[in-house]
Amino acid sequence: MGAESESKVQVGLLKQGAEGKLYTATYKGSLCLVKERFEKKYRHPQLDRQLTRQRIKAEQKAFQRCATAGVETPALFGVDLDERKIYMEYLDKAVTAKQFIDEWMATSDESATTTESPKLKKLAEQIGRIVGVLHRNNIIHGDLTTSNILLDPLEGDDCLPYRLVTIDFGLSHFSDSAENKGVDLYVLERAILSAHSQLPSLFGMILESYRSHNTNRCDETIAKYEEVRARGRKRTMVG
């Protein structure tokens, strides 16, 4: 029996984009999150079906590899390849790292810097740890942004009482290539500079933590990241 037969009731649409949609539904009587990939009408149906199945399987493997590596993701309940759907844990109280940073910026002293904030410093350290562990285990996320890291509330008095949960592995793959890891870092840097331009030191703090957690050819990866960054700057200058 497939996951779809266990979960027929769509509750509410949360997000819709070019690749698919996210909505809540019931799975074995409990609320869950469903990620559904659209059929691309511009592709040949057989090719579209093959590509979609490959990407869903790759995302499923990414969840499994993250669990082995110790990187937290939403719990994976099941997949339905025929219906193009992934069923996973719905973290209804979580906020994205982007939301958290934006709210902190809106309420904090304008003169405060990242290094003066224990919360943001801890957040940067934790993001760096996640990316470092992913790369140490040859997991390429493919779309590292602060919108793809969730902060799920925890009980406690810690300055950052959340567990960090990584999401959206739709572009992920398994690779030991330093170039691919360097591109992953560059994507994260560009995303942070775009979304959090008021915090120019944030990525540097993330990278510092990354260095201490990626023990798998880290220097080579950083060198590749610098090469990718230089190429990106050159393209920007040339136009």
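Structure: see above.
Below: a short report on this structure. (Residues numbered from 1 in each chain as written. Predicted model: local features only at pLDDT ≥ 70, side-chain atom pairs only at ≥ 80, totals over all residues. Heavy atoms only, no water.)

In this section: the pattern of salt bridges. The tally for this structure, following the rule as stated, stands at 17 salt bridges. Salt-bridge contacts for E179 lead to R231; the nearest nitrogen and oxygen are separated by 2.8 Å. Taken together, the positions of E179 in helix α5 (residues 178-195) and R231 in helix α7 (residues 218-238) put the pair 52 residues apart, joining distant regions of the chain. Assessed through its relative accessible area of 37%, R231 is described here as partly exposed. For the salt bridge of K224 with E227, the shortest nitrogen-to-oxygen distance reads 3.7 Å. In this pair, K224 and E227 are both assigned in helix α7, three residues apart and thus about one turn of the helix distant. Three or more residues are tied together by salt bridges with common partners; here these are K35, R37, E59 and D168. (Salt bridge = Lys/Arg side-chain N within 4 Å of Asp/Glu carboxyl O. Helix = DSSP H or I, 4+ residues; strand = E, 2+ residues; numbered from the N terminus. Buried < 20%, exposed > 50% of the residue type's maximum accessible area, 1.4 Å probe, protein only.)

Right, let's talk about empty space enclosed by the protein for a bit. Using the criterion set out here, one finds one cavity of 30 Å³ or more in the structure. By volume, the largest cavity is sized at about 40 Å³. E19, R37, F38, K40, R43, T52 and R55 together form the lining of the largest cavity. (1 Å grid on protein atoms, 1.4 Å probe; cavity = no way out; pocket = protein on both sides within 12 Å on 5 of 7 lines; lining within 4 Å. Points joined across faces, edges and corners; volume = space filled by probe spheres on them.)

This next bit is on the packing of helix α3 (residues 97-107) against helix α4 (residues 118-136). Between α3 and α4, the least distance of the axes is 11 Å, while the angle of their chain directions is 160°. Comparing the axis directions of α3 and α4 gives the class roughly antiparallel. In this structure, the crossing between α3 and α4 has a hand that is left-handed. Judged by residue contacts, F100, I101 and W104 of α3 engage K119, L120 and L123 from α4. Broken down by class, the residue content of the contact of α3 with α4 amounts to five nonpolar, no polar and one charged. (Axes fitted to C-alpha atoms, helices over the stretch in contact; angles between N-to-C directions. Parallel < 35°, antiparallel > 145°, perpendicular 65-115°, else oblique. Left-handed = near helix turned anticlockwise from the far one by under 90°. Contact = heavy atoms within 4.5 Å. Nonpolar A, V, L, I, M, F, W, Y, C, P; charged D, E, K, R; others polar.)

Note that all results are geometric; they support no functional claim without further evidence.
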